[in-house]
Amino acid sequence: MFESVVALVAGLLIGSFLNVCIYRMPRDLSVVRPRSFCPACEHPIAWYDNIPVLSYFLLGRRCRHCGQSISARYPIVELLTAALFFAIVNALGPTALTAKLCLLVALLVGLTFADLEERTLPDEFTLGGTAVGLALAWFVPVDNDGIAHVLLPAAGIRLSEQWMSVAESALGAALPSGFLWLGGLLFEKIRHKEGLGLGDVKMIAMIGAFVGLYPTLLTLVLGSIAGSVIGLIYILAAKKDASTYELPFGTFLGFAAIFVALVGQKVIHWYTGLL
Ligand SMILES: [Zn+2]
């Protein structure tokens, strides 16, 4: 009970901070200073108008000073982060893995909405997240049945459990992102246009550093399928020009990675059980 309340409150507050990052990072603004301001009139927002979710509805979804409507993204990001933290804490209890997964989904929510709104995946989240994922692998084991556990002993390399976990994290970051980068390069050579941003490649590296190779490959497959299907439906429904419309691939990768982080182990076990 106590843990659930902490998870909800922490999720709301971190979601609120993610909203600041989503707006400011693509504009190269500091996420610490100045205090929160209205993006329309730049008037500072008082603390009582800045309470997650609640203020949005109390203010009637409008800025108190200029009357401009406030984006629904603010309460959505706060509620989503709180719901995900709540689900993770209830499934795993207060463990180191819980904290690590909460950090991962926070990064993913930030990237998902930054890409959707700004078509940008901030380096602070992708590259910074990759470094943090690699470091955390020392403390929280990454995939005990992963690729490094197969490759390294076969090559005669014996490592401690901690280094083995870091190796899983490093291979999880390097292999899928390298694969994606090569695929993008190939597409460019053949079609003579950019098919994939470097941000997507860095985002996949971040996901791999946190969860290892197999869950990241599953994320890539699910994200690509969802992106193609939903993207195509959107282009047709909204009558967009398919040759110029820029699909927020990071948004689909983000949702796929959240799904895989929460239930992916079950999907992978089910799949390898079929083989
Ligand atoms: Zn305003």
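One structure accompanies this document, and this report is about it. (Residues numbered from 1 in each chain as written. Predicted model: local features only at pLDDT ≥ 70, side-chain atom pairs only at ≥ 80, totals over all residues. Heavy atoms only, no water.)

### Considerations on the coordination of the zinc ion
Part 1 of the reasoning: Those protein atoms acting as donors to the zinc ion are Cys38 (SG), Cys41 (SG), Cys63 (SG) and Cys66 (SG), and they sit at 2.3 to 2.4 Å.
Part 2 of the reasoning: Metal-centred angles of 106 to 117° between the 4 donor atoms at the zinc ion mark the site as tetrahedral.
Part 3 of the reasoning: On the primary sequence, the residues serving as donors to the zinc ion are separated as C-x2-C-x21-C-x2-C. With a gap of 25 residues between them, Cys38 in the loop between helix 1 (2-24) and helix 2 (54-58) and Cys63 in the loop between helix 2 and helix 3 (73-92) connect regions that are remote in the sequence.
Part 4 of the reasoning: Accessibility expressed as a relative area gives 6% for Cys38, which makes it buried. (Donors = N, O, S within 2.8 Å, 3.2 Å for Na, K, Ca; no water. Tetrahedral: all angles 85-135°; square planar, octahedral: opposite > 155°, others 65-115°. Helix = DSSP H or I, 4+ residues; strand = E, 2+ residues; numbered from the N terminus. Buried < 20%, exposed > 50% of the residue type's maximum accessible area, 1.4 Å probe, protein only.)

### Remarks on helix 9 (residues 213-237)
Part 1 of the reasoning: Between its terminal C-alpha atoms helix 9 stretches 35 Å, which fits the 36 Å expected from 25 residues at 1.5 Å a residue.
Part 2 of the reasoning: Within two residues after helix 9, Lys239 carries a phi angle of roughly 55°, on the positive side. (Expected span 1.5 Å × (residues − 1).)

### Thoughts on the packing of aromatic side chains
Part 1 of the reasoning: Under the definition given, this model contains 5 aromatic pairs.
Part 2 of the reasoning: When the centroid spacing of 5.4 Å and the interplanar angle of 45° are considered together, the rings of Tyr234 and Tyr245 count as tilted. Of this pair, Tyr234 sits in helix 9 while Tyr245 sits in the loop between helix 9 and helix 10 (249-274), placing them 11 residues apart in sequence.
Part 3 of the reasoning: Overall, Tyr245 belongs to the partly exposed group, its relative accessible area being 21%.
Part 4 of the reasoning: For the cation-ring pair, Arg27 lies above Tyr23, with the distance from its terminal atom to the ring centre recorded as 3.9 Å.
Part 5 of the reasoning: Above the ring of Tyr74, the side-chain terminus of Arg73 is found at 4.4 Å from the ring centroid. (Phe/Tyr/Trp six-rings, centres within 6.5 Å; stacked < 30°, edge-to-face > 60°. Lys NZ or Arg CZ within 6 Å of the ring centre and 35° of its normal.)

### Considering the nonpolar core
Part 1 of the reasoning: Of all hydrophobic cores here, the largest spans 38 residues; its most connected members are Leu104, Leu108, Val109, Phe125, Met203, Met206 and Ile207.
Part 2 of the reasoning: Elements supplying a minimum of two residues to this core: helix 1, helix 3, helix 4 (96-118), helix 8 (198-211) and helix 10.
Part 3 of the reasoning: By residue number, the principal contributor to this core is helix 4, which donates 11 residues.
Part 4 of the reasoning: Not counting residues up to four positions away in its chain, the partners in contact with Met206 are Leu104, Leu107, Leu108, Leu111, Phe125, Thr126, Gly129 and Thr130. (Core = buried A, V, L, I, M, F, W, Y, C linked by side-chain atoms within 4.5 Å. Contact = heavy atoms within 4.5 Å.)

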